[in-house]
Amino acid sequence: MTEKARKRIVVAMSGGVDSSVTAALLKEEGHEVIGISMQVWDYSKFSAPEGEKFDTCCSLDDIHDARRVAEQIGIPFYVVNFEEEFQRLVIDDFVDEYFRGRTPNPCVRCNQRVKFELLLRKARELGADLLATGHYARIERDGDGLFHLLRGDDPGKDQSYFLFTLTQEQLARVIFPLGGMTKPEVRQLAARFGLRVAEKGESQEICFVPDNDYVRFLEDERGAGQLAGEIVDRAGTVLGHHEGTYRYTVGQRRGLGIAHPHPLYVVGVDAERRQVIVGSKEELLAPGLVATDVTWVIAPATETLEAACKIRYRHHPVPCTVTVLADSRAQVRFREPEKSVTPGQAVVFYNGDEVLGGGWIDAAMNEG
C-alpha cells in the first residue's frame, strides 16, 4: 500500500467478532488502525443472576475482549466514556417514548446520536480519515460524488435499517468493511486471524436492559405503578385493567389478562388517557402511516415517490407510496394494508437494495 492510500482509521470495537474482524482486516491492509470502545452504561446498576453473563454488547466483559483483540493485532486501544451522553440521548428517549405510549428503537438512536455523531467527532479529533464499524451494510459513491447506502450482502444480517439517518457528510467519513460478506465468512476470517472472539456468540438484547426485562428497567428509572388504567375496545367498553400503558405495544397478544371469546390484540396505546386499546387481528391492519423527523440519504427529486418500506427491523419490505410533507414529515400509503403499525418504531424507505431515507412512525392512518 502506498503512503497516500494508507489511512488512519478508527474502528468502533464492541468486543464482538464483527468489529474485531473489521479491525484485523484494516490492519492487514496496511492502514493505521486505532481501536475505540464506548462505555455507555454503568453495569454496576444491574447484577446478573449468579453464573449468568450479560448477552449484550458494550459490557465491561466486551470492553475487555476488545482490548485483548487490539493487543493481539497490535493496534492502540482507547475507551471513551459516553455514559452521560448515552443517558441523555438514548436512555432518556427510550423511557420517555414508552411513557408516551410509543415503542422506541434505541439502536437507531444510538447510531444516530452517539456512534455516528459523538464517536465520529472523536475520531476526527484523533486525526482519523475514517470511522469503521462492523455493520452489515454497504456504501457506494457515484460519478457525481454522492454516497449511496445499500443493504449488506448477507440478507440475514443486513443492518441498513438501523443506519437510515446517515447523512452525506457522515457517509463520506464512514466505512463498513463487512458489508459484502456473510456472517460465516466473517467467522472464518476471525479463525484465520486467530482472534480470541472467533466463536463468541451474538449480542441479542438492548445493551442497557441486560436481562431483557424492559418493564423492570422502566420502573427502575421512573417508579412502578404509573399510568395504570383500563383495557378498552374501540368503542370504549372496559374489558379489564392494566398496571401501566408502557407494558404494552401494538400487536401484542399475550399478557392481556382478560377473558374474551375471540383472540384480542393491542391495537393502540393512549398514555394520556391511560388506556390500552384492544381489538381483533383485522383491527391491526392499516392502509398507511404518518412519519415524523424524516431524513433522506439523498434528497428526493419529487414530492411523491414509489418505494418499498420496512416498519420494523424484521419486516419484509412492502411496496408503498411516500408523499413528502412539510416539517420533515411524510405520509406513507401501503399497496396492501399492513398490520401492527407501531408508533415510535422506524419506517425505512428502500429502492431495491438502496436506502432512500426514513423516519419515525407517528401514527397509523385510518381507512379512507
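Higher on the page you've got the structure.
Our subject in this report is the structure included herewith. (Residues numbered from 1 in each chain as written. Predicted model: local features only at pLDDT ≥ 70, side-chain atom pairs only at ≥ 80, totals over all residues. Heavy atoms only, no water.)

Observations regarding a positive patch on the surface
Working step 1: A surface patch of positive charge is lined by Arg 253, Arg 254, Lys 281 and Lys 339.
Working step 2: Mapped onto the elements of the fold, Lys 339 is located in strand 15 (residues 329–339).
Working step 3: Take Lys 339: its relative accessible area is 39%, and that puts it in the partly exposed class. (Patch = residues over 30% accessible without salt bridge, like charges linked within 9 Å, V, L, I, M, F, W, Y side chains within 5 Å. Areas by Shrake-Rupley, 256 points an atom, 1.4 Å probe, with all protein chains shown as cover. Salt bridge = Lys/Arg side-chain N within 4 Å of Asp/Glu carboxyl O. Lys, Arg positive; Asp, Glu negative; His and termini not counted. Charge placed at Lys NZ, Arg CZ, Asp CG, Glu CD. Helix = DSSP H or I, 4+ residues; strand = E, 2+ residues; numbered from the N terminus. Buried < 20%, exposed > 50% of the residue type's maximum accessible area, 1.4 Å probe, protein only.)

Some words on unusual backbone geometry
Excluding glycine, most residues fall at negative phi; most peptide bonds, likewise, are trans.
Working step 1: Positive phi, normally seen in glycine, also occurs at Arg 274, with a value near 60 degrees.
Working step 2: Relative to the assigned elements, Arg 274 resides in the loop between strand 10 (265–270) and strand 11 (275–279).
Working step 3: Although it is not a glycine, Ser 328 sits at a positive phi angle of roughly 55 degrees.

Examining empty space enclosed by the protein
Working step 1: Taken as a whole and assessed by the stated rule, the structure comprises one cavity of 30 Å³ or more.
Working step 2: What the largest cavity holds in volume is close to 30 Å³.
Working step 3: Around the largest cavity, the lining residues are Asp 93, Glu 97, Pro 104, Asn 105, Arg 109, Gly 344 and Trp 360.
Working step 4: Class assignment for the residues of the lining of the largest cavity results in two nonpolar, two polar and three charged. (1 Å grid on protein atoms, 1.4 Å probe; cavity = no way out; pocket = protein on both sides within 12 Å on 5 of 7 lines; lining within 4 Å. Points joined across faces, edges and corners; volume = space filled by probe spheres on them. Nonpolar A, V, L, I, M, F, W, Y, C, P; charged D, E, K, R; others polar.)

Things to note about the environment of Glu 84
Working step 1: You can see Glu 84 is positioned in helix 3 (residues 83–99).
Working step 2: Residue classification places Glu 84 among the exposed residues on the basis of a relative accessible area of 63%.
Working step 3: With 45 residues separating them along the chain, Glu 84 and Gln 39 place their C-alpha atoms 9.9 Å apart.

Details of the layout of surface pockets
Working step 1: When its volume is computed, the second largest pocket comes out at roughly 490 Å³.
Working step 2: Lining the second largest pocket are 32 residues, and of these Arg 234, Val 267, Gly 268, Val 269 and Ala 364 lie nearest its centre.
Working step 3: Mapped onto the lining of the second largest pocket, the elements with two or more residues apiece are strand 10, strand 11, strand 12 (285–296) and strand 17 (354–364).
Working step 4: Of the residues in the lining of the second largest pocket, the class split is 15 nonpolar, nine polar and eight charged.

Some remarks on the sheet that holds strand 1 (residues 8–12)
Working step 1: Here five strands make up an open sheet; going across it, the order is 3-2-1-4-7 and the pairing parallel. Only two strands of the sheet have a single partner each, and these edge strands are strand 3 (77–81) and strand 7 (174–175).
Working step 2: The sheet contact formed by strand 1 and strand 4 (residues 130–132) spans three bridges and is parallel. Across the sheet, the residue bridging to Val 10 is Leu 131, located in strand 4. (Pairing = 2+ DSSP bridges.)

Here we look at the sheet that holds strand 11
Working step 1: An order of 9-8-11-10 is seen for the four strands of this open sheet, with the pairing classed as mixed. At either margin of the open sheet sits one strand with a lone partner, and together these are strand 9 (238–242) and strand 10. Taking the axes of each pair of neighbouring strands and ignoring which way they run, one obtains an average angle of 25 degrees across the sheet. (Axes fitted to C-alpha atoms, helices over the stretch in contact; angles between N-to-C directions.)

Some details on the packing of helix 3 against helix 4 (residues 106–125)
Working step 1: As a packed pair, helix 3 and helix 4 sit with axes 9 Å apart at the nearest point and diverge in direction by 160 degrees. Relative to helix 4, the element helix 3 lies roughly antiparallel. Seen along the crossing, helix 3 lies across helix 4 with a hand that is right-handed. The segment helix 3 lies against helix 4, with Glu 85, Phe 86, Leu 89, Val 90, Asp 93 and Phe 94 engaging Pro 106, Arg 109, Cys 110, Arg 113, Val 114 and Leu 118.
Working step 2: Across the contact of helix 3 with helix 4, the residue classes break down as eight nonpolar, no polar and four charged. (Parallel < 35°, antiparallel > 145°, perpendicular 65-115°, else oblique. Left-handed = near helix turned anticlockwise from the far one by under 90°. Contact = heavy atoms within 4.5 Å.)

Considering helix 6 (residues 183–193)
Working step 1: Burial in helix 6 covers these residues: Lys 183, Val 186, Leu 189, Ala 190 and Phe 193. The arc that holds the buried residues of helix 6, viewed along the axis, is 115 degrees, so those residues lie on one side. Opposite its buried face, helix 6 presents the exposed residues Pro 184, Gln 188 and Arg 192, each directed more than 90 degrees away.
Working step 2: As for helix 6, its buried residues are in contact with helix 1 (17–28) and helix 2 (60–73).
Working step 3: Directly after helix 6, the chain includes Gly 194, whose backbone phi takes a positive value near 70 degrees. (Arc of directions from axis to C-beta.)

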